[in-house]
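What the coordinates show
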Amino acid sequence: MTTTPPHGSSAPDSSVSPARVAVIQFDPQVGLENRAANSERALALAARAADDGATLIVLPELATTGYSFRDRAEAYDHAESVPDGETVRAWESFARQRGVYLVGGLAERDGVRLYDTAVLVGPDGYVGRYRKAHLWNREKLWFTPGDLGFPVFETRIGRIGLLVCWDIWFPEVPRLLAQQGADIICSVNNWVWTPPPIFDESGRCMASYLTMTAAHVNNVFIAAANRVGTDRDARFLGCSLIAGTNGWPIGRVAGAEEETILMADIDVVSARSAPIWTPLNDLIRDRRTDLYDPMLGYTRSPAAPR
């Protein structure tokens, strides 16, 4: 396991809302017999990140259950309620004890419905959840598409938005989170291998570039945690990263096989400063909302100033 040192940690800190962000890349395995080991490994890595000063820690999608369920019944057996299930309680306890924010993915059970859910907890306990809106492949056979919209959560360090894996292929998701005032988006993922080419000559995958692009065009930080390894019939491609508001990775993009922690020091609310590309252009002012906002049709939450 490797740990990437924080980016720019030697610079004097004049941040309004400083945060040390960590994304954790590891290999959780499906199967009830693996639940305890998955949970313990996730929190052990989170503890290592916290020991290194992380204040916002991001785990992968389905971090405690693994991914490759055989059928709906097995998915149901792995699922738990939110926020009073065992996993969220453990994450809450960790976040309270270490004074950090933690984001992670799990299988949520709500009555007879199952959701692929990302949860945010913090020093004061449970903050909120997001249910994956766009389901990939066989996920559609057991999970219900998310019904909570795209919430943004106010925290001590800034406004945090959540998305899950396949969501990043839909530009509306990070755009709506940014329009609702998100300073940072935590992206929990199980990016799988697809038909080649998978990686370019630099070792980056398409999901890396989509994350970088979303950060760039929305002027928002994105902390993307993927997993590695194989899980029954699925293989996962790593490539976790932390993208700055200019889109470029802060530090490196993780490799395809390694268990690792990537860390970066950022000023979370600096995302609220609109990037001025030329004396006549910036991303916020140049949006033609008169042309396309009625087509997008998202009215669940109002826009927030950034």
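Calculation rules
- Residues numbered from 1 in each chain as written.
- Predicted model: local features only at pLDDT ≥ 70, side-chain atom pairs only at ≥ 80, totals over all residues.
- Heavy atoms only, no water.
- Helix = DSSP H or I, 4+ residues; strand = E, 2+ residues; numbered from the N terminus.
- Contact = heavy atoms within 4.5 Å.
- Buried < 20%, exposed > 50% of the residue type's maximum accessible area, 1.4 Å probe, protein only.
- Polar contact = N/O pair within 3.5 Å; in protein donor to acceptor, adjacent residues only side chain to side chain.
- Core = buried A, V, L, I, M, F, W, Y, C linked by side-chain atoms within 4.5 Å.
- Axes fitted to C-alpha atoms, helices over the stretch in contact; angles between N-to-C directions.
- Left-handed = near helix turned anticlockwise from the far one by under 90°.
- Nonpolar A, V, L, I, M, F, W, Y, C, P; charged D, E, K, R; others polar.
- Pairing = 2+ DSSP bridges.
- Right-handed = clockwise from strand over helix to strand, strands pointing away.
- Salt bridge = Lys/Arg side-chain N within 4 Å of Asp/Glu carboxyl O.
- pLDDT = per-residue confidence, 0-100.

1. Quick word on the environment of Phe69
- Structurally, the position occupied by Phe69 is in the loop between strand 3 (56-58) and helix 2 (72-78).
- For the pair Phe69 and Val30, spaced 39 residues apart in sequence, the C-alpha to C-alpha distance is 6.9 Å.
- When neighbours within four sequence positions are excluded, Phe69 is seen to be in contact with Val30, Leu62, Glu74, Ala75, His78, Trp142, Phe143 and Arg232.

2. With respect to the side chain of Asp231
- Relative to the elements of secondary structure, Asp231 occurs in strand 11 (residues 228-231).
- Classification of Asp231 as buried rests on a relative accessible area of 0%.
- Side-chain polar atoms of Asp231 contact the backbone nitrogen of Val30, separated by 3.2 Å.
- Side-chain polar atoms of Asp231 contact the backbone nitrogen of Tyr67, separated by 2.7 Å.
- Ignoring sequence-local partners within four residues, the contact set of Asp231 consists of Pro28, Gln29, Val30, Gly66, Tyr67, Ser68 and Phe236.

3. As for the nonpolar core
- Core analysis: the largest hydrophobic core is formed by 53 residues, its most contacted members being Leu56, Leu162, Ile184 and Trp191.
- In this structure Ile184 touches Val21, Leu56, Arg159, Ile160, Gly161, Val220, Phe221, Ala223, Ile266 and Val268, once residues within four positions along its chain are discounted.
- Counting 25 residues, the second largest nonpolar core, distinct from the first, contains Ala46, Leu59, Val82 and Ile261.

4. A short note on the packing of helix 4 (residues 172-179) against helix 5 (residues 206-218)
- Look at helix 4 against helix 5: their axes get within 10 Å of each other, and the N-to-C directions meet at 35 degrees. Between helix 4 and helix 5 lies a crossing whose hand is right-handed. Between helix 4, through Pro174, Arg175 and Ala178, and helix 5, the contact on the second element is made entirely by Ala214, Val217 and Asn218.
- Each residue belonging to the contact of helix 4 with helix 5 can be placed in one class, and the counts come to four nonpolar, one polar and one charged.

5. Thoughts on the pairing of strand 8 (residues 158-164)
- Within strand 8, seven of the seven residues are buried, leaving the element largely enclosed by the surrounding structure.
- Joining the antiparallel neighbours strand 7 (residues 152-155) and strand 8 is a turn of two residues.
- Here strand 8 runs beside strand 9 (residues 184-188); their pairing, made up of five bridges, is parallel. Pairing of Leu163 across the sheet is with Ser187, part of strand 9.
- In terms of handedness, the path from strand 8 via helix 4 over to strand 9 forms a crossover that is right-handed.

6. Examining the sheet that holds strand 8
- With mixed pairing, five strands are arranged side by side in an open sheet as 7-8-9-10-13. Where the open sheet ends on each side, the last strands, each with one partner, are strand 7 and strand 13 (241-243). Across the sheet, the mean angle from the axis of one strand to that of its neighbour is 20 degrees, orientation sign disregarded.
- Where strand 9 lies against strand 10 (residues 221-225), five bridges are found, and the strand directions are parallel. Across the sheet, Ile184 pairs through a bridge with Phe221, a residue of strand 10.

7. Observations regarding the pattern of salt bridges
- Under the counting rule described, the total for this entry stands at 23 salt bridges.
- The residue Glu259 makes a salt bridge to Arg41 at a minimum N-O spacing of 2.3 Å. Highlighted residues: Glu259 in the loop between strand 13 and strand 14 (260-267) and Arg41 in helix 1 (residues 35-51), separated in sequence by 218 residues.
- Residues Glu154 and Arg159 are paired through a salt bridge, measuring 3.1 Å at the closest nitrogen-oxygen approach.

8. Examining the confidence of the model for the protein
- On average, the protein scores 93 in pLDDT, and the residues at 70 or more come to 97%.
- In the model of the protein, strand 1 (residues 2-3) stands out as the element of lowest mean pLDDT, 72, in contrast to strand 3, which has the highest, 99.

9. Digging into the pairing of strand 10
- When you tally the buried positions in strand 10, you get five out of five residues, the bulk of the element.
- Burial along strand 10 is two-sided: the residues Phe221, Ala223 and Ala225 and Ile222 and Ala224 are all buried.
- Considered for its hand, the β-α-β crossover made up of strand 9, helix 5 and strand 10 is right-handed.
- Bridging between strand 10 and strand 13 involves three bridges; their strand directions are antiparallel. Note that in strand 13 the partner of Ala223 across the bridge is Ile242.

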